[in-house]
Amino acid sequence: MAIQILANLVRRGWAILKLGSIFMRELVSSCFAVIGHIVKPRLAMRPGIFAYTTTLKSDWEVTLLSCLICLTPGTLTLEVSADGGTLYIHAIDIDDVSQLSEQIRGTFEKAIKEVTR
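Residues numbered from 1 in each chain as written. Predicted model: local features only at pLDDT ≥ 70, side-chain atom pairs only at ≥ 80, totals over all residues. Heavy atoms only, no water.

With that settled, consider the overall build of the protein. What the protein contains, in helices and strands, is three helices and three strands. Starting at the N terminus and ending at the C terminus, the protein contains elements arranged as α-β-α-β-β-α. The C-alpha extent of the protein, read off along each of the three principal axes, is 60 × 30 × 20 Å. In the protein, once contacts between residues fewer than 6 apart in sequence are set aside, the share between residues at least 24 apart is 71%. Put simply, the protein shows about 7,500 Å² of open surface, and 67% of that area lies on carbon and sulfur atoms. Mean positive and mean negative side-chain charge positions of the protein (12 and 11 charges, respectively) differ by 6 Å. (Helix = DSSP H or I, 4+ residues; strand = E, 2+ residues; numbered from the N terminus. Contact = heavy atoms within 4.5 Å. Areas by Shrake-Rupley, 256 points an atom, 1.4 Å probe, with all protein chains shown as cover. Lys, Arg positive; Asp, Glu negative; His and termini not counted. Charge placed at Lys NZ, Arg CZ, Asp CG, Glu CD.)

With that settled, the discussion passes to the environment of R25. Looking at the secondary structure, you find R25 in helix 1 (residues 2–39). Sequence separation between R25 and P47 is 22 residues, and the spatial gap between their C-alpha atoms is 22 Å.

In this section: helix 2 (residues 59–71). Taking 1.5 Å of rise per residue, the 13 residues of helix 2 would be expected to cover 18 Å, and the 18 Å separating its terminal C-alpha atoms lies within 8% of that figure. Those residues of helix 2 that fall on the buried side of the exposure criterion are E61, V62, L65, S66, L68 and I69. Along the axis of helix 2, the buried positions cluster into a sector of 160 degrees, meaning they face one direction only. In this structure, helix 2 carries D59, W60 and L71 as exposed residues pointing more than 90 degrees from its buried face. Looking at the buried residues of helix 2, the elements they touch are helix 1, strand 1 (48–53), strand 2 (75–80), strand 3 (86–91) and helix 3 (97–116). (Expected span 1.5 Å × (residues − 1). Buried < 20%, exposed > 50% of the residue type's maximum accessible area, 1.4 Å probe, protein only. Arc of directions from axis to C-beta.)

Attention shifts here to the pairing of strand 2. In this sheet, strand 3 lies alongside strand 2 in antiparallel orientation, the contact comprising five bridges. Each residue of the ladder has a partner; that of T75, found in strand 3, is A91. Connecting strand 2 to the antiparallel partner strand 3 that follows it, the hairpin turn spans five residues, and G84 within it adopts a positive phi of roughly 80 degrees. (Pairing = 2+ DSSP bridges.)

Here it is in structure tokens:
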């Protein structure tokens with residue numbers, strides 16, 4: 001029993017570190033992308049708002065995802081639907097909505113599930 005509790009603590013601790021490192025990687029890469037837009041003589045941005053459907057269930061998970069999106073430069077969560085299943089996100093440069101959605105799903109959402117489940 002004690003070994004299983006210790007194993008769960010180690011697993012959850014590793015998942016938290018992984019989520020932190022994913023956030024730091026996304027933070028740095030998006031900072032450089034925003035700086036790139038600032039220093040270019042011509043603005044080539046395609047800002048927009050899109051609906052992101054999440055598979056996260058609890059309010060805590062959705063809130064954490066929303067905060068991580070807001071803390072990443074170039075993106076902002078504008079609204080969360082009443083059922084918590086859809087986030088409305090503004091991005092400074094949207095090339096492909098499905099690609100951006102898959103990036104969020106494959107990084108932040110996946111890491112949040114590892115921490116909370």
